[in-house]
Amino acid sequence: MTTAHTAPPPSMRLRELAFGAACAAALRAAARLGVADALGDTPAAVEDLAAAVKTEPKPLRRLLRALTCYGVFTERPDGTFAHTDMSRLLREDDPHSLRNICLWCTEPWTWDAWPKLDEAVRTGRNVVEDLYGKEFFVYLNEDAPESADVFNRAMTTSSKQSARDVAELLDLSGAASVADIGGGQGHVVACLLEKYPHMRGTLMDLPRVVDHADPRLMPGGALADRVSIVAGDCREAVPVRADAYIIKNILEWDDASTARCLRNVMEAGGPKARVVVIENLVDDTPSMRFSTAMDLLLLLNVGGAKHTTESMVSRLEAAGLVIDDISPVNPYLHAFDCTVPA
């Protein structure tokens with residue numbers, strides 16, 4: 001007999017995988033309803049939770065029962081529900097919250113795109129342009145502003161969390177300046193400037209991105225007098241001179257765009273400049289299921305790809321960079337520490 005504590009046979013496991021969308025939908029529902037926020041530090045009856053989140057008790061119990069199968073919430077012998085380490089990550093106020101990430105990965109467009117994965121695999125092209133008649137980010141900003149807002153919140157959350165890890169890992173004590181290329185709102189450069197009070201920094205990204213930079217970097221912010229904010233596309237040019245460059249989670253375009261970005265950074269920095277490329281990998285990582293899923297999602301929406309260690313190394317070496325070290329930043333990011341040759 002199979003119980004909750006024994007592994008199911010392959011035939012049942014495959015059935016469970018086929019219903020993977022149900023798990024994703026359950027996470028999304030719990031996040032949108034705010035169930036984790038309503039559940040406090042003590043177990044709660046489903047009737048009380050239902051009243052707090054304005055649902056019917058019986059279907060809420062069914063939702064919670066489904067999530068407990070995956071370790072998200074736990075049901076106690078008396079029928080009350082309590083938090084687990086995973087369910088706490090759905091809380092808005094948790095310092096490591098993944099609520100916005102869960103919402104982003106289950107936005108309405110994903111349910112349109114996933115059924116067309118076979119088409120994307122067959123052609124190697126994204127499916128979003130055929131679905132909506134526009135490039136992905138154009139579609140988000142013009143036709144799906146709520147999804148665009150979710151994306152921005154998710155990227156902000158992810159960037160804030162990983163920025164601390166990046167700053168802790170990197171030893172930039174020998175550098176007087178650092179540039180965060182394609183750095184979003186600038187959380188990485190902000191953390192590095194806080195770590196190194198003598199250092200100056202630059203944040204470069206698209207105009208609509210840097211307009212919403214980290215408050216620490218904006219006029220009046222604690223780091224404003226030590227940072228420059230440059231609006232631009234790193235695939236076109238990098239008008240920034242620095243001792244060290246950070247390129248995090250942006251080299252997921254087509255090969256030509258990646259090559260242009262790296263070439264522009266190398267030309268800007270000149271010989272002996274340090275270039276640190278930070279990426280999710282689809283190998284050599286304990287987060288294989290997450291990384292490979294994101295890799296497939298990139299194929300669907302922009303035709304991009306996550307890298308293997310080998311593919312990242314080959315692109316960096318093809319650009320002419322010398323790779324000095326490869327090291328994990330956290331369970332889902334690796335840093336490729338490189339130098340522009342003399």
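Refer to the structure printed above.
Overview of the structure. (Residues numbered from 1 in each chain as written. Predicted model: local features only at pLDDT ≥ 70, side-chain atom pairs only at ≥ 80, totals over all residues. Heavy atoms only, no water.)

All chains considered together, the criterion is met by seven aromatic pairs. Judged by centre distance (5.0 Å) and plane angle (70 degrees), the ring pair of Phe-136 and Phe-137 falls under edge-to-face. Accessibility expressed as a relative area gives 2% for Phe-136, which makes it buried. By the ring-pair criterion, three or more aromatic residues cluster together here, those being Trp-104, Trp-109, Phe-136, Phe-137 and Phe-151. (Phe/Tyr/Trp six-rings, centres within 6.5 Å; stacked < 30°, edge-to-face > 60°. Buried < 20%, exposed > 50% of the residue type's maximum accessible area, 1.4 Å probe, protein only.)

A few words on the pattern of salt bridges. The tally for this structure, following the rule as stated, stands at 16 salt bridges. Across the pair Asp-118 and Arg-122 runs a salt bridge whose closest N-O atoms are separated by 3.7 Å. On the criterion of helical spacing, the pair formed by Asp-118 and Arg-122 is a turn pair, its members being four residues apart in helix H9 (residues 117-123). Using a relative accessible area of 63% as the deciding quantity, one classes Arg-122 as exposed. When the shortest N-O distance is used, the salt bridge between Glu-142 and Lys-134 registers 2.8 Å. Assessed through its relative accessible area of 52%, Glu-142 is described here as exposed. One network of salt bridges, with partners in common, ties together Lys-134, Glu-142 and Asp-143. (Salt bridge = Lys/Arg side-chain N within 4 Å of Asp/Glu carboxyl O. Helix = DSSP H or I, 4+ residues; strand = E, 2+ residues; numbered from the N terminus.)

Our focus in this paragraph is the sheet that holds strand S9 (residues 333-339). Ordered in space as S5-S4-S3-S6-S7-S9-S8, the seven strands form an open sheet in which the pairing is mixed. The open sheet has two edge strands with one neighbour each: strand S5 (227-231) and strand S8 (322-330). If you compare each strand with its neighbour and ignore which way they point, the axes differ by 20 degrees on average. Bridge count for strand S6 (residues 244-248) against strand S7 (residues 274-279) is five bridges, and the pairing is parallel. Its bridge partner being in S7, Tyr-245 is matched across the sheet by Val-275. Most of the contacts of helix H13 (residues 187-195) go to strand S4 (residues 200-205), to which it runs at about 175 degrees, and overall it touches strand S3 (177-181), S4, S5 and S6. (Pairing = 2+ DSSP bridges. Axes fitted to C-alpha atoms, helices over the stretch in contact; angles between N-to-C directions. Contact = heavy atoms within 4.5 Å.)

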